[in-house]
Amino acid sequence: MSKRTVRSNCHYCGYLCGFWATVEETAEGDRLVDLTPDPTRYPYNERITNGCQRWRMNLEQIDAPERVNYPLRRVGERGSGQWERISWEQALDDIASRLGALAAEHGPQTLASAIGGPHASYWPLHRFLNLFGTPNNMGIGQICWNIRIWMDCLTYGWPIEVNIDPSVTGAVFLWGANPAQSDNLLFWRTLLTMDKQKTPLVVIDPRRTKTASIATLHLAPHPGTDATLALALIRQVIATDRIDHAFVQRWCHGFDELVAHVQPYTLEYAEKVCGVPALDIAQAAHIFSEPSPTALLSGRGIDQLGPNSAPTHRALSILRALTGDVDRAGACLIEGRSDFIPEVELEMSASLTPEQRARQLNLGYTALQSYPGYEGASQLTGRFGKALPMRYLTSAHPNLVWRAALSGDPYRVSALICMAANPLVTYADTKLIHEALHALDLLVVLEYYLTPTAQLADYVLPSAGAFERPLIQAHGGVANFCYGGAAAVEPYYERRADYDFFRELGRRLGQEEHWPGATLKDAIERTLAPAGMSWQQWTERGLYAVPAVFNKQEVRGFATTTGKIELANEYLDSIGGGRLPVPAPVQQDPQYPLTLITGARVQPYWASSYFNNPRFRAQHPEPLAQMSNATLEQAGLEEGQWVEVSTARGSARFKAEVAEIKDGVISVEYGWWYPEEEQGEPHLSGAWRSNANLLTSADIAGCEPLIGSWSYNAIPCNLRPSI
């Protein structure tokens, strides 16, 4: 049997690292037999790739016995665990027929979707939904990505990419980010290099993480008080006259308003509210405002502050501007329009009619994360020929979708397509979601494994994974770079790429003319063509990027209402968001005197994924609740003991571990279930035991009003021994 070596990419996280794949020809078809890091493609250093634990899963899991390999149709009651194997043609015909009937009865808005990752292509789903006529795609963008994209865009006219260059960057701020765990590749190695250079690093996190352990300065605010801390930094930079006066005078709008607005946020006030020493806040402000460029990177820690998510991001956008660290080498880059076909065009959002947009569940709840909010912002970005991805930034609020499925208000959501998503474990309020999934008439899941959500499905369809499908990551179309590569082998058994599913389903529902590419390879090739990149070049390079150009405001200003960076924001004020950021009160409850945080990444897992990996489970077998020794002792508990963490929503079980974290704060791991345990109702592979989302809520009434962000941090909780 002959072997050959081809270039391809891992997909067990979002970085799509390049590999040489050894492929062997067998009687069953080509088989992946070995992988070697490819130093000519991202991350351009095999030593970095070899430090990752995940990529070896490609050899272990591509033919694992627990993989879903054939289309399955439920034959018993929902959650019974009884399935029959059917063909793809049967599955597609059945699903198309049922969707058509449900749309005829309830309208096309009766269909919703849930997306996850990293093993998915989002735009084919979005194209299908737009052509079908429903505005109800769900995701967790409200607590990951959307907030930063919206606030940066409306402050600067377009989203930014952090530009850390060890030869130029004078200081790095990491706010709610722990790349030692969440990245663990090129960026973390860059930080270690800068640490050796003695470049100041400031980390803002209530936990003393591995990243914080190398920091010059670690600020540990009480969870949920980040907006107050950011406003105190702004005030201190202004009060010590360390702003870039020339930049602010020429390019910033609303400076005098800002000065008046931040006067109450003194160092002493911030110390009282945030629990951070005033001297440390002053030192952080001094480091940030040094003349050399400062790079500020935020993470999911502040995306998940609920009502304080948007105010925090707004304040950080303002802070960058005061020191001139916008579109500045070594600080950040305002990206250009994509040379390749951008996401907004791929998803064909223009196909959704005004009448269909008017049925969006978010209307009346989230002024910015809505079609009217998007359309107003697009009038600004359109001045520079740019358009944000529409479906991400108008995605339906999950709480509203689940309630529509249960109540029929304002209409019935009766069908759901889950693509690489496991809402029972990864979306807030598991009990509500469980009820809603049982209320559906049709649940379709595209997956690798029978997750707890898949165990409740009507159809489970086998997804092609890494090295079985070509890949492209284009960051939602807000940047002029993308990366990925070709497949190494054809999908094993009867697995298919998600593109194939949505194309074939769309063709059955009258969308045939809108799916010209017969395969995902064809679609990617068409996407890259306007950038002048051939498929062969894509296969070899795995990257499209252009040289960065900074200080572009000198040519045309900023794509905002005033043409300047809006410290006082005209557009947000026009839709009820106020001109300047105002922190929301942090939730308190005397019955739950401790504070819960969750959602942090933990290597080698990824959200609710990879718990079925024996190597990973051997090194990290149980879900942890981390707390300070003082918090543990005050509760009368011991390290290693099983504990029950409870909130007003419910309780879950974790193993106690002592960590350097603020007293009174408990950090529980997110996404846990037990793939080795019994499937189907009532067990659902342990989804009811250590699932952090048994403790959370996304009730729209308590969410941030512009975008709908719910809280995974600063949740009142209690702690007791587990029985």
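Just so you know, these numbers come straight off a predicted model, no measurement behind them. (Residues numbered from 1 in each chain as written. Predicted model: local features only at pLDDT ≥ 70, side-chain atom pairs only at ≥ 80, totals over all residues. Heavy atoms only, no water.)

### Section: the overall build of the chain
Part 1 of the argument: Looking only at helices and strands, the chain features 28 helices and 27 strands.
Part 2 of the argument: A compact globule built from 723 residues should have a C-alpha radius of gyration of about 27 Å, and the chain, at 25 Å, falls within 12% of that.
Part 3 of the argument: Across its three principal axes, the chain shows a C-alpha extent of roughly 70 × 65 × 55 Å.
Part 4 of the argument: Within the chain, the fraction of its 723 residues that count as buried is 62%.
Part 5 of the argument: A separation of at least 24 residues holds for 75% of the contacts in the chain among residues at least 6 apart in sequence.
Part 6 of the argument: Positive and negative charge centroids in the chain, built from 61 and 78 side chains respectively, lie 2 Å apart. (Helix = DSSP H or I, 4+ residues; strand = E, 2+ residues; numbered from the N terminus. Rg over C-alpha atoms; globule rule 2.2 N^0.38 Å. Buried < 20%, exposed > 50% of the residue type's maximum accessible area, 1.4 Å probe, protein only. Contact = heavy atoms within 4.5 Å. Lys, Arg positive; Asp, Glu negative; His and termini not counted. Charge placed at Lys NZ, Arg CZ, Asp CG, Glu CD.)

### Observations concerning the sheet that holds strand E17 (residues 459-462)
Part 1 of the argument: Taken together, the seven strands give an open sheet; going across it, the order is E5-E4-E17-E16-E15-E6-E7, and neighbouring strands pair in mixed fashion. Looking at the sheet topology across the chains shown, the edges are occupied by strand E5 (83-85) and strand E7 (137-138).
Part 2 of the argument: One ladder, built from five bridges, connects strand E15 (residues 415-419) with strand E16 (residues 442-447); its direction is parallel. In the sheet register, Cys418 faces E16, and the bridge partner there is Val445.
Part 3 of the argument: Against the sheet, helix H3 (residues 88-106) touches strand E4 (72-74), strand E6 (111-115), E15, E16 and E17, its axis set at about 135 degrees to E17. (Pairing = 2+ DSSP bridges. Axes fitted to C-alpha atoms, helices over the stretch in contact; angles between N-to-C directions.)

### Examining unusual backbone geometry
Part 1 of the argument: In the segment running from Asp409 into Pro410, the intervening peptide bond is cis, with an omega of 0 degrees.
Part 2 of the argument: By secondary structure assignment, the location of Pro410 is in the loop between helix H19 (398-407) and E15.
Part 3 of the argument: In the segment running from Gln603 into Pro604, the intervening peptide bond is cis, with an omega of 5 degrees.
Part 4 of the argument: The backbone of Ala607 shows a phi angle near 50 degrees, a positive value even though the residue is not glycine.
Part 5 of the argument: In this structure, Leu684 is a non-glycine residue whose phi angle is positive, near 50 degrees.

### Describing the pairing of E6
Part 1 of the argument: Of all five residues making up E6, five are buried, and the element is well covered by its neighbours.
Part 2 of the argument: Examined bridge by bridge, E6 and E15 share five bridges and lie parallel to one another. Note that in E15 the partner of Ala112 across the bridge is Leu416.
Part 3 of the argument: As paired elements, E6 and E7 share two bridges and run parallel to each other.

### Some points on the side chain of Asp152
Part 1 of the argument: Mapped onto the elements, Asp152 comes out in helix H5 (residues 146-156).
Part 2 of the argument: Among the residues examined, Asp152 registers a relative accessible area of 2% and is labelled buried.
Part 3 of the argument: For Asp152, the side chain forms a polar contact with the side chain of Ser317, separated by 2.7 Å.
Part 4 of the argument: Setting aside chain neighbours within four positions, we find Asp152 in contact with Gly157, Trp158, Pro159, Ile160, Ser317 and Arg320. (Polar contact = N/O pair within 3.5 Å; in protein donor to acceptor, adjacent residues only side chain to side chain.)

### So, the sheet that holds strand E27 (residues 713-721)
Part 1 of the argument: Read around the barrel, six strands follow the order E22-E26-E23-E25-E24-E27 and close on themselves; strand pairing throughout is mixed. Neighbouring strand axes in the sheet, compared pairwise and without regard to direction, differ in orientation by 45 degrees on average.
Part 2 of the argument: Inspection of the sheet shows strand E22 (residues 594-598) paired to E27 by four bridges, in the antiparallel sense. Following the sheet pairing, Ile597 is matched in E27 by Asn713.

### Section: the nonpolar core
Part 1 of the argument: By size, the foremost hydrophobic cluster in this structure holds 77 residues, and its most contacted members are Trp150 and Ile234.
Part 2 of the argument: With residues near it in sequence (within four places) discarded, Trp150 still touches Leu368, Gln369, Gly373, Tyr374, Ala377, Leu388, Leu393 and Ile707. (Core = buried A, V, L, I, M, F, W, Y, C linked by side-chain atoms within 4.5 Å.)

### Observations regarding the environment of Ser80
Part 1 of the argument: Here Ser80 shows up in the loop between E4 and E5.
Part 2 of the argument: Along the chain, Ser80 and Ala457 lie 377 residues apart, while their C-alpha atoms are 10.0 Å from each other.
Part 3 of the argument: Among the polar contacts listed, one links the side chain of Ser80 to the backbone oxygen of Glu77, at a separation of 2.9 Å.
Part 4 of the argument: Polar contacts involving the side chain of Ser80 include one to the main-chain amide nitrogen of Gln82, which spans 3.3 Å.

### Digging into the pairing of strand E3 (residues 29-37)
Part 1 of the argument: Where strand E2 (residues 18-26) and E3 come together, eight bridges link them in antiparallel fashion. Counted as the bridge partner of Glu24 is Arg31 from E3.
Part 2 of the argument: From the end of E2 to the start of E3, which pair antiparallel, there are two residues.

### Observations concerning H3
Part 1 of the argument: Taking 1.5 Å per residue, 19 residues should reach 27 Å; H3 reaches 26 Å between its end C-alpha atoms and fits that length.
Part 2 of the argument: Residues of H3 that are buried: Trp88, Ala91, Leu92, Ile95, Ala96, Leu99, Leu102 and Ala103. Relative to the axis of H3, the buried residues are bounded by an arc of 135 degrees and lie together on one face. Facing away from the buried surface of H3 by more than 90 degrees, the exposed residues are Ser97, Ala104 and Glu105.
Part 3 of the argument: Elements that come into contact with the buried residues of H3 comprise E6, helix H4 (122-132), E15, E16, E17 and helix H22 (498-508).
Part 4 of the argument: In the stretch just after H3, Gly107 is the one whose phi turns positive, near 95 degrees. (Expected span 1.5 Å × (residues − 1). Arc of directions from axis to C-beta.)

### Comments concerning the pattern of salt bridges
Where charged atoms from two side chains of opposite charge approach closely, those side chains can pair.
Part 1 of the argument: Under the criterion given, the structure shown has 37 salt bridges.
Part 2 of the argument: The salt bridge partner of Arg508 is Asp93, with a shortest N-O separation of 2.7 Å. Pair noted here: Arg508 is in helix H22 and Asp93 is in helix H3, with a separation of 415 residues, a long-range link.
Part 3 of the argument: Taking relative accessible area as the criterion, Arg508 reaches 26% and is therefore assigned partly exposed.
Part 4 of the argument: A single salt-bridge network, built from bridges that share partners, covers Glu89, Asp93, Arg503, Glu504, Arg507, Arg508 and Glu512. (Salt bridge = Lys/Arg side-chain N within 4 Å of Asp/Glu carboxyl O.)

### Details of the packing of H19 against helix H21 (residues 430-439)
Part 1 of the argument: The interhelical angle for the contact between H19 and H21, taken along N-to-C directions, is 45 degrees, at an axis separation of 8 Å. When the interaxial angle is binned, H19 and H21 end up oblique. For the pair H19 and H21, the sense of crossing is left-handed. Where H19 approaches H21, its residues Asn399, Trp402, Arg403, Ala405 and Leu406 are matched on the opposing element by Leu432, Ile433, Glu435, Ala436, Leu437 and Ala439. (Parallel < 35°, antiparallel > 145°, perpendicular 65-115°, else oblique. Left-handed = near helix turned anticlockwise from the far one by under 90°.)

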